[in-house]
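So you can see what is in the structure, the chains are spelled out below.
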Amino acid sequence: MKKNKAKASSNTEKEFVFEFRAGKHNCVLKVPLQLPVQENISDLHGRLMLLHKIPCYLESELKNSLSSFVEKETILDYDREAELALQRLTTGDVDVNKLTSAWTRSYVEKMFCFLPSLLQTTLEHARPEEPSWDEDFANVYHELIHSPASDTLLNLEHNYFVSISELISERDMEIKKLQERQAAEMDKVMHELGNTLSDQDVNAVASQHFDAQQVLENKWASELKQVTGIQKHEYQDWVVKLHQDLQKSNNSSKINEEIKVQPSQLSEAADSGARMFEEQPQLEESFTIHLGAQLKTMHNLRLVRADVLDFCKHRRHGSSGAKLRRLQTALSLYSFSLCGLVLLVDNRVNSYSGIKRDFATVAKECTDFHFPCLEEQLEEVQQVVLYARAQRSSKHKDQPETQKNGGDDKSKNVERNSSNILPGEFYITRHSNLSEVHAVFHLCVDDNVRSGNITARDPAIMGLRNILKVCCTHDITTVTIPLLLVHDMSEEMTIPWCLKRAELVFKCVKGFMMEMASWDGGVSRTVQFLVPKTISEEMFYQLSNMLPQIFRVSSTLTLTSKH
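Read on for an overview of the structure. (Residues numbered from 1 in each chain as written. Predicted model: local features only at pLDDT ≥ 70, side-chain atom pairs only at ≥ 80, totals over all residues. Heavy atoms only, no water.)

## A closer look at the overall build of the protein
Of regular secondary structure, the protein possesses 15 helices and ten strands. If you take every contact in the protein between residues at least 6 apart in sequence, the share linking residues at least 24 apart comes to 74%. Surface summary for the protein: the accessible area is close to 33700 Å², and the carbon and sulfur share equals 53%. (Helix = DSSP H or I, 4+ residues; strand = E, 2+ residues; numbered from the N terminus. Contact = heavy atoms within 4.5 Å. Areas by Shrake-Rupley, 256 points an atom, 1.4 Å probe, with all protein chains shown as cover.)

## Structural notes on a nonpolar patch on the surface
On the surface, a cluster of nonpolar side chains totalling about 250 Å² of accessible area is made up of Leu 86, Leu 89 and Val 96. Of note, Leu 86 is situated in helix H2 (residues 59-91). (Patch = residues over 30% accessible without salt bridge, like charges linked within 9 Å, V, L, I, M, F, W, Y side chains within 5 Å. Salt bridge = Lys/Arg side-chain N within 4 Å of Asp/Glu carboxyl O.)

## What about the nonpolar core?
One finds Leu 301, Val 342, Leu 483, Phe 506, Met 513, Phe 529 and Phe 551 to be the most contacted residues of the largest nonpolar core, which totals 55 residues. For this core, the element with the most residues is helix H14 (residues 495-520), which contributes twelve residues. Excluding residues within four positions of it along the chain, Leu 301 makes contact with Glu 285, Ser 286, Phe 287, Ile 289, Met 513, Val 527, Phe 529, Leu 547 and Phe 551. Grouped together as the second largest cluster of nonpolar side chains are 25 residues, Val 304, Val 308, Val 345 and Phe 359 included. (Core = buried A, V, L, I, M, F, W, Y, C linked by side-chain atoms within 4.5 Å. Buried < 20%, exposed > 50% of the residue type's maximum accessible area, 1.4 Å probe, protein only.)

## Overview of helix H1 (residues 41-51)
Taken together, the buried positions of H1 are occupied by Ile 41, Leu 44, His 45, Leu 48 and Met 49. Seen end-on, H1 carries its buried residues on one side only, within an arc spanning 135 degrees. Residues of H1 that are exposed and angled more than 90 degrees away from the buried face: Leu 50 and Leu 51. Looking at the buried positions of H1, the neighbouring elements they touch are strand S2 (25-35) and H2. Structurally, the start of H1 carries an N-cap: the backbone nitrogen of Ser 42 is 2.8 Å from a side-chain oxygen of Asn 40. Two residues or fewer after H1 comes Lys 53, characterised by a positive phi angle close to 50 degrees. (Arc of directions from axis to C-beta. Polar contact = N/O pair within 3.5 Å; in protein donor to acceptor, adjacent residues only side chain to side chain.)

## Observations concerning empty space enclosed by the protein
Scanning all chains against the criterion turns up three cavities of 30 Å³ or more. Here the largest cavity defines a volume of roughly 60 Å³. If you go around the largest cavity, the residues you meet are Leu 291, Gly 292, Leu 295, Thr 297, His 299, Met 513, Met 514, Met 516, Ala 517, Asp 520, Gly 522 and Val 523. The set of elements that each furnish at least two residues to the lining of the largest cavity consists of strand S4 (297-305) and H14. Tallying contributions element by element places H14 first for the lining of the largest cavity, with five residues. Here the residues of the lining of the largest cavity are counted per class, giving seven nonpolar, four polar and one charged. (1 Å grid on protein atoms, 1.4 Å probe; cavity = no way out; pocket = protein on both sides within 12 Å on 5 of 7 lines; lining within 4 Å. Points joined across faces, edges and corners; volume = space filled by probe spheres on them. Nonpolar A, V, L, I, M, F, W, Y, C, P; charged D, E, K, R; others polar.)

## Some points on the pattern of salt bridges
For the structure on display, the rule yields 14 salt bridges. Of the charged contacts in the structure, one is a salt bridge between Arg 80 and Asp 77, with a shortest N-O distance of 3.6 Å. In this pair, Arg 80 and Asp 77 are both assigned in helix H2, three residues apart and thus about one turn of the helix distant. Of the residues examined, Asp 77 reaches a relative accessible area of 3% and is grouped as buried. Note that Glu 436 is salt-bridged to Arg 325, the shortest N-O span being 3.3 Å. In this pair, Glu 436 is assigned in the loop between strand S6 (426-430) and strand S7 (439-444) and Arg 325 in helix H8 (residues 320-331), connecting sequence segments 111 residues apart. Residue classification places Arg 325 among the partly exposed residues on the basis of a relative accessible area of 27%.

## Remarks on the layout of surface pockets
Estimates place the volume of the largest pocket at around 1300 Å³. The wall of the largest pocket is formed by 40 residues, among which Ala 221, Leu 224, Ala 360, Lys 364 and Glu 375 lie closest to the centre. Counting only elements with at least two residues in the lining of the largest pocket, the list comes to helix H5 (150-191), helix H6 (199-248), helix H9 (354-364) and helix H10 (374-398). Broken down by element, the residue count for the lining of the largest pocket peaks at eleven residues, all from H6. Here the residues of the lining of the largest pocket are counted per class, giving 16 nonpolar, twelve polar and twelve charged.

## Observations concerning the pairing of strand S8 (residues 476-482)
Of all seven residues in S8, seven are buried; the element is thus mostly enclosed. Judged from the four bridges that link them, strand S5 (residues 338-345) and S8 form a sheet pairing that is parallel. Along S8, the bridge assignment pairs Leu 341 with Thr 480. Note: S8 against strand S9 (residues 526-531), five bridges, orientation parallel. By the bridge assignment, Ile 481 is partnered in S9 with Phe 529. (Pairing = 2+ DSSP bridges.)

## Let's talk about the packing of helix H13 (residues 459-473) against H14
Two numbers describe a pair of packed helices, the interaxial angle and the distance between the axes. Put simply, H13 and H14 touch, their axes get as near as 10 Å, and they point 30 degrees apart. As H13 packs across H14, the resulting crossing turns out to be right-handed. Contact residues: Ile 461, Leu 464, Arg 465, Leu 468, Lys 469 and Cys 472 in H13; Leu 504, Val 505, Cys 508, Val 509, Phe 512, Glu 515, Met 516, Trp 519 and Asp 520 in H14. When its residues are assigned to classes, the contact of H13 with H14 shows eleven nonpolar, no polar and four charged. (Axes fitted to C-alpha atoms, helices over the stretch in contact; angles between N-to-C directions. Left-handed = near helix turned anticlockwise from the far one by under 90°.)

## A look at the packing of aromatic side chains
Counted according to the given criterion, the structure contains twelve aromatic pairs. Ring plane angle 50 degrees and centroid distance 5.6 Å describe the contact between Tyr 160 and Phe 369, whose orientation is recorded as tilted. One end of the pair, Tyr 160, is in helix H5; the other, Phe 369, is in the loop between H9 and H10, and 209 residues separate them in sequence. Phe 369 carries the same exposure label as Tyr 160, and that label is buried. (Phe/Tyr/Trp six-rings, centres within 6.5 Å; stacked < 30°, edge-to-face > 60°.)

Structure below.
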């Protein structure tokens, strides 16, 4: 123990008692000590051993006992002194102003004493802050997209999209031809089965076909990855160079004229050929609501009948409306009004099947010039999931057996496959290459959402609450939610089923939006409720009549638009 430099206002004498056995005799050592002890405990211990001739085998025991006694009695002595000081303060025996002045003076003196050395140490060992390329590029892009150069940026991005689309078309055509050729070969092999060929021959041909498909797909995947990497590098260099030219040039009006003329020089294939996407009418109904107990906040609600991927797809030969939506997405990319989309997925963090594969296909149709590609983001999410599961597993092992037995099937599922996520959990991917979306919330749901007996405490509903909370804390002011918690309709989803599910989601989302005021202080937001395209118009209008009854709508606007 270090020497105590603090001095108490009065010393207290306490008797230290140490009992020990020497041979057949029981001995007791009693020593009066002045508290707080002003000398080193090791020195005091050595003197006691020498003066009282304590046996050497009791050296460590005596030292431990003495240290514990001094520490305990010193704390009690300081507590008594503190109680007396507080009593003097409450009774008015001490001047509060003098006391605070003394404290302030002592604090300032100590701060000035240590501040120079502290600052010097910090400056010596702190690394200089280096500018981040991502931050610099984000600032440059944000400045250019809000300038006359925005049209040029969008046309350049569209040209890159066209070239990638053509490459993907070539890939699909080549894969299709290979599959047709392999199907013809397999038909011939099956025709000869039992005559000149055996089952082993059929298996060998099937294995060869599979290997050939894998080689072809890997070849195209590598080529697409290389092309997108080149496009991203070229695009970023071009954006930075254009920004530097704009800053250096004195004749900004001339540069602006060149920028405005440049789009007509870029190759637009819109004037020739058929449209890649067939435009279909989209039903949409908009509402304005005011929520809040005392200070009400205005929000916009939309009920939309469309495919979930329509908010992500680019139109190769899109109308002016599609271009305007793309411009709006680009303008708000680095802003406080981002757009989010909820995508319902299974518990595996990949893009191999179902809606995840379709979304990955759309995301690959255009190069992302600002964020990592979808595969890289999913790999990072997978690592985070594994780390989180490991942490949760270690905490679960430290819990008592009664708690372990109480929460069981969920932990068993986690232990079965730690790389999967649970229903209600979600992960987020960032995108700059989607038509109307910046962030995608991949919400994990199970087959229970297709049943008609889910409640407000269902993991999918609680997942929506957590997603809305993330939207509030990360400046996502527009979010699209699948109203029925499914992307495709099936036979069991009757009209009563749809109405019951819609009512549950409407009421829950309304409650969550009421909570938004405590999350973000009352920011106006837009919530889009999405229903599948296969919903009939009659069903759509029944849902649109239900929404104002639940949310107490202020105004309504019905639209039938082209998406």
